[in-house]
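What follows is the residue order along each chain.
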Amino acid sequence: MNELTGKNILIGVTGGIAAYKVVEVVSRLKKLGAEVRVVMTRAAAEFVAPRTFQEITKNPVSVEMFAGTVNFHVEHIALANFADVVLIAPATANFLAKAAHGIADDLLTTIVLATTAPMMVAPSMNTRMLEHPATQANLKILESRGVKIIDAEIGLLACGTSGKGRLSEPENICAEIVKFFAPKILSGKKILVTAGGTIEPIDPVRFICNRSSGKMGYEIARAAQLHGAEVILISGNATAEVPAGVKFVKVETALEMRAAVLEEYENVDAVIMSAAVSDYRVKNVAAQKIKKSNETLTLELVKNPDILKELGQRKNHQLLVGFAAETENVIEYARGKIAEKNLDFIVANDVSQEGAGFGVDTNIASLINRAGDVESLPKMTKAELAERIIRRVAESI
Ligand code: C5P
């Protein structure tokens, strides 16, 4: 089942150049399983043909109030009732003004007045229009009524200027919708997630690192956020995309990661330590680039602190989740780590299996608790595994 299966989303497209980006939004929402209906203003239909949305949604697209349209008797009421959520994208200054003041002079604004569904608006317009006190006041009015504003981004605008006013990226808009529907099982909780691999310098240009992509941890941070938690993501080197809405702290070395984690530790309800922390660091980091003058080069390494173990020793109220990436005796080693690091549970995976571990989008893991119970999960995407881990965390805090 997809994240939005069974959800009815009504999208209002108003007349901005960014209307074309909403085609992508609709397409993504459909792929996530949502039932989507689109209503356009006349101005919007100047930018994108209603037929485009019609083909993607497989539903009629309504523009006119009195078109005597298809399927519904009193169309604005039927569409208002259909929606579990209403998204307006792009939302023009004119639309925001009308919505803020209850003006209903076309089909879309009439629906907006008639619906009891929660509403989200994604403004997009010229910077000066966005920053105009009238527009800002209208946004405040809507926000005070519980409308979620999906903030415009800064960038190059169609009018040739650069500034705030670009429609939020389709991916981000869809993430907000998914978040809206996700059960808020972690609301009021603060979760610290570590991810990625630490970087241990050798000299100013070289370092020791590992194959961690950060994907698993970033998906965990995203899932925790989705379920209403306040999330701090402390990350070493990673290629994954930072999830929107999390507090992101970038670090390099294991020592930096330790300091960043300890700074937050007292204030969090759970720590999920998915980072691949380098076990050793170079003892004497060269101040200058090392020359290739000798046939061999010996680097002396010293042990890094085990961050998770230290958290286990200092634990007072926090739930601690560790990771165990092994290539043999996975369950046995993982059980040992629960005791050694004073964990509540551990996510163990055999990284030698195909479809598990570093770099790939899937994982094959077992969740093991303090009592030693093992839940062996089949191969699944890292996003799905993150969801399982987060549900476990939610049950336990
Ligand atoms: O002992 P091992 O390195 O296999 O344990 C893995 C777990 O411990 C992971 O959760 C990892 O993030 C954490 N760890 C740590 N500090 C280290 C090494 C590993 O917190 N120096």
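Rules and cut-offs
Residues numbered from 1 in each chain as written. Predicted model: local features only at pLDDT ≥ 70, side-chain atom pairs only at ≥ 80, totals over all residues. Heavy atoms only, no water. Axes fitted to C-alpha atoms, helices over the stretch in contact; angles between N-to-C directions. Helix = DSSP H or I, 4+ residues; strand = E, 2+ residues; numbered from the N terminus. Left-handed = near helix turned anticlockwise from the far one by under 90°. Contact = heavy atoms within 4.5 Å. Nonpolar A, V, L, I, M, F, W, Y, C, P; charged D, E, K, R; others polar. Buried < 20%, exposed > 50% of the residue type's maximum accessible area, 1.4 Å probe, protein only. Pairing = 2+ DSSP bridges. 1 Å grid on protein atoms, 1.4 Å probe; cavity = no way out; pocket = protein on both sides within 12 Å on 5 of 7 lines; lining within 4 Å. Points joined across faces, edges and corners; volume = space filled by probe spheres on them. Near = heavy atom within 4 Å. Polar contact = N/O pair within 3.5 Å; in protein donor to acceptor, adjacent residues only side chain to side chain. Areas by Shrake-Rupley, 256 points an atom, 1.4 Å probe, with all protein chains shown as cover. Sits in = over half its atoms within 2 Å of the grid points. Phe/Tyr/Trp six-rings, centres within 6.5 Å; stacked < 30°, edge-to-face > 60°.

> In this structure, what is going on with the packing of helix α5 (residues 93-101) against helix α6 (residues 107-114)? I would like to understand it.
For any two helices packed against each other, the geometry is given by the interaxial angle and the distance between the axes. Across the interface, α5 lies against α6 with an axial gap of 10 Å and an inter-helix angle of 35°. The interaxial crossing formed by α5 with α6 has right-handed handedness. Within the contact between the two elements, α5 uses Phe95, Lys98 and Ala99 and α6 uses Leu108, Thr109 and Val112. Tallied by class, residues from the contact of α5 with α6 come to four nonpolar, one polar and one charged.

> Could you clarify how one ought to interpret the pairing of strand β11 (residues 230-235) in this entry?
Two faces make up the sheet, and in a regular strand the side chains alternate between them. Buried residues dominate β11, accounting for five of its six residues. Pairing analysis gives six bridges linking strand β8 (residues 190-195) to β11, with the strands arranged parallel. When the bridges of β11 are listed, Val193 appears paired with Leu233.

> Sorry if this is basic, but what is going on with the layout of surface pockets here?
There is about 1,400 Å³ of room inside the largest pocket. Taken together, 39 residues line the largest pocket, and the ones lying closest to its centre are Glu3, Val178, Arg222, Leu226 and Ala383. Looking at the lining of the largest pocket, the elements that each hand over two or more residues are α9 (170-181), α10 (215-226) and α14 (382-396). With eight residues, α9 is the largest single contributor of residues to the lining of the largest pocket.

> Could you clarify how one ought to interpret the sheet that holds strand β1 (residues 8-13) in this entry?
The pairing of strands in a sheet happens through backbone hydrogen bonds and is either parallel or antiparallel. Pairing within the open sheet is parallel, and its five strands lie in the order β2-β1-β3-β4-β5. In the strand order of this sheet, the two ends are held by β2 (35-40) and β5 (148-149), each with one partner. Judged from the six bridges that link them, β1 and β2 form a sheet pairing that is parallel. When the bridges of β2 are listed, Ile11 appears paired with Val38. Here α5 sits on the sheet and contacts β3 (85-91) and β4 (119-123); the angle it forms with β3, its principal contact strand, is near 140°.

> It is not clear to me how the site of the ligand should be interpreted in this structure. Could you clarify?
Inspection of the region around the ligand gives Met273, Ala275, Val277, Asp279, Pro305, Asp306, Ile307, Leu308, Gly322, Phe323, Lys337 and Lys341 as its neighbouring residues. Met273 places a polar main-chain atom, nitrogen or oxygen, 2.7 Å from an oxygen atom of the ligand. One of the side-chain N or O atoms of Lys337 is found 2.5 Å from an oxygen atom in the ligand. Considering the ligand on its own, with 450 Å² of exposed area, one finds that the protein chains cover 84% of that surface. More than half of the atoms belonging to the ligand lie within 2 Å of the grid points that define the second largest pocket. Those elements that provide at least two residues to the shell around the ligand are α12 (307-314), β16 (319-326) and α13 (330-341). Counted by class, the shell around the ligand contains seven nonpolar, one polar and four charged residues.

> Is there a simple way to explain the packing of aromatic side chains in this structure?
What describes a pair of aromatic rings is the distance from one ring centre to the other and the angle between the planes of the rings. Evaluation of the coordinates by the stated rule reveals two aromatic pairs. Seen from their ring centres, Phe180 and Phe181 are 4.8 Å apart, and the 80° between their planes marks the pair as edge-to-face. Judged by its relative accessible area of 32%, Phe180 falls in the partly exposed class. Judged by relative accessible area, which is 18%, Phe181 ranks as buried. With 6.2 Å between their ring centres and 75° between their planes, Tyr218 and Phe248 make a pair best called edge-to-face.

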